[in-house]
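# Overview (structure and organization)
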Amino acid sequence: MNAEDIMRRNAHPLKGDDTIESAVDLMEKERLRHIPIIENDDTLIGIISDRDVRDARYSIFSDKRLDDILQKPLTTIMKTEVFTVHPLDFVADVASMLSEKRINAAPVAVDDKLIGMITGRDLLDTLVQLMGADQPSSQIEVKVSNVSGQLADVAAVFKDHGINVTSMLIYPDKQMAYQILAFRIQTMDARKAIASLEDKGYEIAGPTMPDMGGPASS
Amino acid sequence: MTRQHAAFIFNEKQLAYKFSDTHPFSPTRLRLTVDLLKSLGALSAEEIISPRKATDEEIGLFHEKNYMEAVKKGSVGQLPAGTAANYGLGTDDTPVFTDMHEASALLVGGTIQAVNEVMEERFEHAANLGGGLHHGFRGKASGFCIYNDSAIAIRHLREHYDARVLYIDTDAHHGDGVQWAFYDDPNVMTLSIHETGRYLFPGTGAITEKGAGQGYGFTFNLPLEAFTEDESFLACYEIAVKEICAFFQPDVIVSQNGADAHFLDPLTHLATTLKTFKMIPKIAHDMAHRYCNGKWIAVGGGGYDIWRVIPRAWSYVWLEMSDQTSLATGALPNEWRKRWSDKAVDPLPKYWEEVENTVPDIPRRPEINEKNAETLDKSLYYIRREMKEMQK
């Protein structure tokens, strides 16, 4: 999955000689926190964030509107050192770069020409989709030792029961030598699959029954 | 003509909605319930109304035509496996079976019949316990459900009676099919209270699912923690239903009465008892009289402990509806026990009160209750704010 697959194509750009006031209006109307600044040929020349605008706007403690400041061009406040993303950058790299640089949004550009925008929210939406509850399914988490072949063996159990897997994640267990395989499977009745996994000696990390010593754990 | 009290929509043919002898969605549940009510003397022949099959046009109020065609082909064994899979059919959950279209259409017809009895004021309330197949999608079967009788009947309610409908779903699984059917419709409020989708099918039903467009704020979800017990379940249900009724002012209530939130249910992880299933219809009934001039339609749904839970849980729906809850004390009718004890896989209960099985001590109970209370507050935040605005 690449940046171009999850970016928003309408980046709501402004021009360098647009006023700060126009950026204030656009941010409020479109609920944006970042606006890329371009030239007439889409060349990216800067970016402004809601913080840049906030710093320039009149103080809430003053009733004087700083009209002359709001009429200044965006070139006076924009940041010109812009971190950009290439449309073919891998989403995981984009996420780690944004995290590392502690920024929340990046324009997507090819040859300095703006083609889209990626924000933290787009990445979170992608995470939700990857964790996969967009199709009706049950979740089973299986704890396996961190050696090769485990995924294939566990997946074979679902195959044997004719159960379709709609998504799966692998993540490290608290114990280093183990991994958790989290499957979303397309069935309402996961009992048979869970029983087969337990028969084969796998530990079901979830759903788990708390130790109640009673009949409900059957 | 004066309105009679309550109608029980049922005929033997409804029991044909059966995937296989081993499938958990068993029609025996319905037979056991009807038989228990009759043995109790709580269900007379005059109260039973035989449903008709829904027409293609009625099913088409919600379902896509090509899906209906696929179900019909499955009915006569002419649906290729590859095509079936595209429609969610032929899986372990919803296998193809002979006459599946007819059986499904009859359950839909039952819920439409229940709606008509109530809306044409022949009866105050009506129950179709064979309905409640809330997972069915427009073009796809899912989670034991082929046609979504409730979604179809609510469309019918909208088109023929222009009523504002409150749909209350207490099945342990999220009522996804009905929710998505009316996600952008401000005249249909859906409330689903269920076990969180963390592990349980279908995985949706988060509090963030609130509706879209015009329908924003007309979808409510209360995803409860696994091992939630009576007290917390009922508190969440009662508060949510009362506040939502006050906000939405429904003309009619459709309640889905899945009974799989019980601690004995083999498919879910909630831990309520029959006490919850006695109270659920009571509150729905109270609200129907308070807001809807009595108009209340109840359907069935999930519930997979067919011997120890379902007969009593579903009887409560009818006993509440027909004002006969006083009959539900002490021993269960001997005649009923005799008839079924040989066939029962689990020991049949002896009393209305749940004495044979008790909920084991749930560790983490305080955390579970605390988390549910927080979920309730977050879920109702929007209407509480709106109500405050309205009072200004």
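Fair warning: this is a prediction, and the values are worked out from it, not measured in the lab.

Quick notes on the rules
Residues numbered from 1 in each chain as written. Chains lettered and ligands numbered in written order. Predicted model: local features only at pLDDT ≥ 70, side-chain atom pairs only at ≥ 80, totals over all residues. Heavy atoms only, no water. Helix = DSSP H or I, 4+ residues; strand = E, 2+ residues; numbered from the N terminus. Buried < 20%, exposed > 50% of the residue type's maximum accessible area, 1.4 Å probe, protein only. Contact = heavy atoms within 4.5 Å. Areas by Shrake-Rupley, 256 points an atom, 1.4 Å probe, with all protein chains shown as cover. UniProt positions renumbered as here; feature names shortened; annotations may be inferred. Patch = residues over 30% accessible without salt bridge, like charges linked within 9 Å, V, L, I, M, F, W, Y side chains within 5 Å. Salt bridge = Lys/Arg side-chain N within 4 Å of Asp/Glu carboxyl O. Core = buried A, V, L, I, M, F, W, Y, C linked by side-chain atoms within 4.5 Å. Buried area = accessible area lost by both parts, 1.4 Å probe. Polar contact = N/O pair within 3.5 Å; in protein donor to acceptor, adjacent residues only side chain to side chain. Nonpolar A, V, L, I, M, F, W, Y, C, P; charged D, E, K, R; others polar. Pairing = 2+ DSSP bridges. Domains from an automatic or database assignment.

## Considering the overall build of chain B
Counting its secondary structure elements, chain B contains twelve helices and eight strands. Among the 392 residues that make up chain B, the fraction classed as buried is 64%. Sequence-distant contacts, at least 24 apart, represent 78% of the contacts inside chain B between residues at least 6 apart. Only carbon and sulfur atoms are counted for the fraction: they give 49% of the accessible area of chain B, which is about 14,600 Å².

## Concerning the UniProt feature "domain: ACT" (unreviewed entry) in chain A
With numbering aligned to this structure, UniProt lists the feature "domain: ACT" (unreviewed entry) at residues 139–207 of chain A. The span residues 139–207 of chain A is 29% helix and 39% strand, and its two end C-alpha atoms sit 8 Å from each other.

## Quick notes on a nonpolar patch on the surface
All names here are of chain A. Together, Met1, Phe90, Leu124, Leu127, Leu130 and Met131 make up a nonpolar patch on the protein surface, roughly 580 Å² of accessible area in all. If you trace the backbone, leucine 130 turns up in helix α6 (residues 120–131). Judged by relative accessible area, which is 45%, leucine 130 ranks as partly exposed.

## Focus on the nonpolar core
Residue and element names in this part refer to chain B. Within the largest apolar cluster, 75 residues are counted, with the highest numbers of intra-cluster contacts made by Tyr237, Ile244 and Ile253. In terms of residue count, helix α8 (residues 230–248) provides more of this core than any other element does, nine residues in total. Setting aside chain neighbours within four positions, we find tyrosine 237 in contact with Ile168, Thr170, Ile193, Met279, Ile280, Ile283 and Ala284. Ranked by size, the runner-up nonpolar core spans 55 residues in total, among them Ile9, Tyr147, Ile154 and Tyr304.

## Brief notes about the interface of chain B and chain A
Opposite the 30 residues of chain B that make contact, chain A presents 26 residues. Both sides together, the interface formed by chain B and chain A hides about 2,100 Å², and carbon and sulfur atoms give 62% of it. Three residues stand out in chain B for area buried against chain A, namely Tyr199(B), Phe201(B) and Phe227(B), and they jointly supply 27% of the buried area on that side. In this assembly, chain B and chain A are joined by two salt bridges. With its nearest N and O atoms 4.0 Å apart, the salt bridge here joins Lys192(A) to Asp92(B). At the boundary of chain B with chain A, the tally comes to six residue pairs in polar contact (both at pLDDT 80 or more). A per-class count over the side of chain B that touches chain A returns 15 nonpolar, nine polar and six charged.

## Examining the pairing of strand β6 (residues 138–145) of chain A
As a general feature of sheets, a regular strand has side chains that alternate between the two faces. Residue and element names in this part refer to chain A. Burial analysis of β6 places seven of its eight residues in the buried class, which makes it a mostly covered element. The pairing of β6 with strand β8 (residues 178–185) spans eight bridges and is classified as antiparallel. Bridging from a neighbouring strand, glutamate 141 pairs with alanine 182 of β8. Bridging between β6 and strand β9 (residues 203–206) involves three bridges; their strand directions are antiparallel.

## Here's the deal with the domain arrangement of chain A
Domains assigned within chain A are domain 1 (3–127) and domain 2 (132–206). On a C-alpha basis, the centroid separation for the pair domain 1 of chain A and domain 2 of chain A is 42 Å.

## Observations concerning unusual backbone geometry
With an omega of 0°, the peptide bond running from Gly206(A) to Pro207(A) counts as cis. Residues Phe201(B) and Pro202(B) are joined by a peptide bond in cis, for which omega reads -5°. By the element assignment, Pro202(B) lies in the loop between β5 (188–195) and β6 (219–224). The backbone of Arg31(A) shows a phi angle near 50°, a positive value even though the residue is not glycine. With respect to the element layout, Arg31(A) can be found in the loop between α2 (20–30) and β2 (34–38). Residues other than glycine seldom take positive phi values, yet Asp111(A) does so here, at roughly 50°. Residue Asp111(A) is classed as exposed on the basis of its relative accessible area of 69%.

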